[in-house]
Amino acid sequence: MDKQWFVIQALSGHEFKVRENMMRRLEIEEMGDLIEEVLIPTEKVSEVKMGKKRELTRKFYPGYILGKLALYNEDHSINERTWHFIQQTPGIIGFIGGDKPAPLRKSEVDSILNQVEDKKEKATPKINFTEGETIKINDGPFENFTGEVGEIDPVRGKLKVTVSIFGRTAPVELEYWQVEKIS
């Protein structure tokens, strides 16, 4: 039987618990021949809250899990064993596509897997700034100064901020974590 990628809907916020349940049940019920991989596409995101930098894991598709599994038999009928395994896993709502789910196309799977691989390297800054916004600098030589965001460079995780020093404006390049929004 060919294994294909399918999208499975799970209770939002419970994706990791659902995956863990699936992996545990996979061993117990000896389903390894029918279910090859269960994936939750994520990326590391860094953000600053209350002056502290922290890294979070953000899901690309909250509420969804990808599964590489043998859902259809050679005669294109649904494999009941796989179907019931997925449907009976706590926290799973069902397949995207209802009673006759369609597998993801190879190009869609490749795109998702490439996206996951690209984001594995380092944490991406969580962008929550807009040009023209007033911010407070909370680290570095300009600590406690306020400035206006001029440019945002999401690739490098930097901002160009215009700061008033001795009555003159000066551009300063800062990392996202060095500034915070003024409430």
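Residues numbered from 1 in each chain as written. Predicted model: local features only at pLDDT ≥ 70, side-chain atom pairs only at ≥ 80, totals over all residues. Heavy atoms only, no water.

### Details of the confidence of the model for the chain
Chain-level pLDDT for the chain is 86 on average; 92% of the residues reach the 70-or-more range. Model confidence for the chain, summarised as mean pLDDT per element, is weakest for strand S7 (residues 124-125) at 62 and strongest for strand S1 (residues 4-10) at 95. (pLDDT = per-residue confidence, 0-100. Helix = DSSP H or I, 4+ residues; strand = E, 2+ residues; numbered from the N terminus.)

### Thoughts on the sheet that holds strand S6 (residues 92-95)
An order of S2-S5-S1-S6 is seen for the 4 strands of this open sheet, with the pairing classed as antiparallel. Both outer strands of the open sheet, strand S2 (35-39) and S6, are each paired with one neighbouring strand and no more. Sheet twist, expressed as the average angle between the axes of neighbouring strands with direction ignored, equals 30°. Sheet strands touched by helix H1 (residues 15-28): S1, S2, strand S5 (64-69) and S6. Its angle to S2, the strand with the most contacts, is close to 165°. (Pairing = 2+ DSSP bridges. Axes fitted to C-alpha atoms, helices over the stretch in contact; angles between N-to-C directions. Contact = heavy atoms within 4.5 Å.)

### Comments concerning the sheet that holds strand S11 (residues 168-175)
Spatial strand order, S11-S10-S9-S8-S12: 5 strands in an open sheet with antiparallel pairing. Edge positions in the open sheet fall to S11 and strand S12 (179-181), since each of these has one partner strand only. The average undirected angle you get between the axes of adjacent strands in this sheet is 45°. Pairing of strand S9 (residues 146-153) with strand S10 (residues 158-165) involves 6 bridges; the strand directions are antiparallel. The partner of Ile152 across the bridge, within S10, is Leu159.

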